[in-house]
Amino acid sequence: MSASGGTRAIVAALAANLAIAVAKFVAFIFSGSSSMLAESVHSLADSGNQGLLLLGGKKAQREATPQHPFGYGRERYIYAFLVSIVLFTVGGMFAIYEGIEKINEPHPIEAWYWPVGVLVFAIIAEGFSFRTAIKESNEIRGGLSWGQFIKRAKAPELPVVLLEDFGALVGLVLALGGVGLALATGDGVWDGIGTLCIGVLLIVIAIVLAAETKSLLLGEAAGTEDVEKIKVALVDGDVVTGVIHMRTLHLGPEELLVAAKIAVQHDDTATEVADAINAAEARIRAAVPIARVIYLEPDIYHAETDTTAKP
């Protein structure tokens, strides 16, 4: 997995979530808090999700085969989509079930210092993980807002970790609020309400992740900036006079397919056209290094049918 895949952020999140999951489960055993049980399952699910992201990154590095001639770059999208499913089922649905059970059969929280202490520790640990994810994202985010970055990112790992960590921090605040109200009022229903809110939050995040990774799985074109760079690189003003039409497709986060029909003059020789195509491919790779698979088809330029303005 490349640096842009956010390996450091994934490892940091995995380490934090494993430690937090153990601490939360111990707190649940001593306190009986359903919020702590839901949060421990949430952290355990997040740990599994980070494992899936690392596995997807490893599998994506396999060499292309005759059966898969464009390689395995999309494995990363598949495993990111699995993360959304795990987050929805194991995290969200379990928390909602546990919250409803606690609301129907509330009981007071025992040994209050366990859940409160663990939640404070978890907030600190998740904050460290979230900070790491933000730092790595800022290296490639450019001028995009956070919403735009999550929507447009072609590497799924950082958006997944960002949303997971954000959801974890909000969930911890909800759990702390539920536990605090349950302790203040002596009514365990508040603990169940906090658990229910955690479940709803996780399901919302899972749906957002599923929608974004589904788009990547279906196949997304290059970003607007890269498309313009490729168009400029294609035209040399001599043999290649324009772009009739062009299509791009991400074969993976760091691998782009470019297919274009280019305009040439009717009196160009085959050698001139072949040399121009080779030169155009070199310019494209220099301008957009991830453009690794390029197919160019020459056609005779006709002014009355020129469609160079089309993508």
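Below: a short report on this structure. (Residues numbered from 1 in each chain as written. Predicted model: local features only at pLDDT ≥ 70, side-chain atom pairs only at ≥ 80, totals over all residues. Heavy atoms only, no water.)

**Some thoughts on the packing of helix α6 (residues 157-185) against helix α7 (residues 189-218)**
Phase 1 of the analysis: Relative orientation of the contacting elements α6 and α7 amounts to 170°, with a least axis distance of 7 Å. Viewed along their axes, α6 and α7 adopt a mutual orientation that is roughly antiparallel.
Phase 2 of the analysis: Looking at the contact of α6 with α7 residue by residue, the classes come out as 16 nonpolar, 5 polar and 1 charged. (Axes fitted to C-alpha atoms, helices over the stretch in contact; angles between N-to-C directions. Helix = DSSP H or I, 4+ residues; strand = E, 2+ residues; numbered from the N terminus. Parallel < 35°, antiparallel > 145°, perpendicular 65-115°, else oblique. Nonpolar A, V, L, I, M, F, W, Y, C, P; charged D, E, K, R; others polar.)

**Digging into the pattern of salt bridges**
Pairing between side chains becomes possible if they bear opposite charge and their charged atoms approach one another.
Phase 1 of the analysis: For the coordinates displayed, the defined rule picks out 11 salt bridges.
Phase 2 of the analysis: A salt bridge links Lys102 to Asp191; the shortest N-O distance between them is 2.7 Å. You can see Lys102 sitting in helix α3 (residues 75-104) and its partner Asp191 sitting in helix α7, a full 89 residues away along the chain. Asp191 carries the same exposure label as Lys102, and that label is buried.
Phase 3 of the analysis: With a shortest N-O distance of 3.6 Å, Lys229 and Glu225 are connected by a salt bridge. Of this pair, Lys229 and Glu225 both sit in helix α8 (residues 224-234), separated by 4 residues, roughly a single helical turn.
Phase 4 of the analysis: What makes Lys229 partly exposed here is its relative accessible area of 33%.
Phase 5 of the analysis: One continuous salt-bridge network, built from bridges that share partners, spans Arg8, Glu136 and Glu139. (Salt bridge = Lys/Arg side-chain N within 4 Å of Asp/Glu carboxyl O. Buried < 20%, exposed > 50% of the residue type's maximum accessible area, 1.4 Å probe, protein only.)

**Things to note about the pairing of strand β2 (residues 255-264)**
Phase 1 of the analysis: Among the 10 residues in β2, 9 count as buried, and that is most of the element.
Phase 2 of the analysis: Summarising the sheet, strand β1 (residues 240-252) and β2 pair through 10 bridges and their orientation is antiparallel. Looking at β2, one finds that Gly242 is bridged to Ala263.
Phase 3 of the analysis: Between the end of β1 and the start of β2, which pair antiparallel, lie 2 residues.
Phase 4 of the analysis: Note that the unit made of β2, helix α9 (residues 270-287) and strand β3 (residues 291-300) has a crossover that is right-handed. (Pairing = 2+ DSSP bridges. Right-handed = clockwise from strand over helix to strand, strands pointing away.)

**Some words on the side chain of Asp46**
Phase 1 of the analysis: Structurally, the position occupied by Asp46 is in helix α2 (residues 34-59).
Phase 2 of the analysis: Within the buried core, Asp46 has no salt-bridge partner, and the shortest N-O distance to an opposite charge, that of Lys24, equals 7.0 Å.
Phase 3 of the analysis: Leave out the neighbours within four places in its chain, and Asp46 touches Asn17, Leu87, Glu164 and Ala168. (Lys, Arg positive; Asp, Glu negative; His and termini not counted. Contact = heavy atoms within 4.5 Å.)

**Some remarks on the sheet that holds β1**
Through backbone hydrogen bonds, the strands of a sheet pair up, either in parallel or in antiparallel fashion.
Phase 1 of the analysis: The sheet built from 3 strands is open, its strands ordered β1-β2-β3 with mixed pairing. The sheet terminates laterally at β1 and β3, the two strands that pair on one side only. Taken over all neighbouring pairs, the strand axes of this sheet differ in orientation by 15° on average, direction set aside.
Phase 2 of the analysis: In this sheet, β3 lies alongside β2 in parallel orientation, the contact comprising 9 bridges.

**Overview of the nonpolar core**
Nonpolar side chains in soluble globular proteins generally cluster together in the buried interior.
Phase 1 of the analysis: Grouped together as the largest cluster of nonpolar side chains are 40 residues, with contacts concentrated most on Leu53, Val161 and Leu209.
Phase 2 of the analysis: Elements with a minimum of two residues in this core: α1 (7-31), α2, α3, α4 (113-141), α5 (146-152), α6 and α7.
Phase 3 of the analysis: For this core, the element with the highest residue contribution is α6, accounting for 10 residues.
Phase 4 of the analysis: Ala222, Leu234, Val239 and Ile294 belong to the second-largest nonpolar core, a separate cluster that totals 23 residues. (Core = buried A, V, L, I, M, F, W, Y, C linked by side-chain atoms within 4.5 Å.)

**Structural notes on the packing of α1 against α6**
Phase 1 of the analysis: The interhelical angle for the contact between α1 and α6, taken along N-to-C directions, is 30°, at an axis separation of 10 Å. Between α1 and α6, the angle falls in the class roughly parallel. For the pair α1 and α6, the sense of crossing is left-handed. Touching Ala9, Ile10, Ala13 and Lys24 of α1 are Glu157, Leu158, Val161, Asp165 and Leu172, all from α6.
Phase 2 of the analysis: In terms of residue class, the contact of α1 with α6 is made up of 6 nonpolar, no polar and 3 charged. (Left-handed = near helix turned anticlockwise from the far one by under 90°.)

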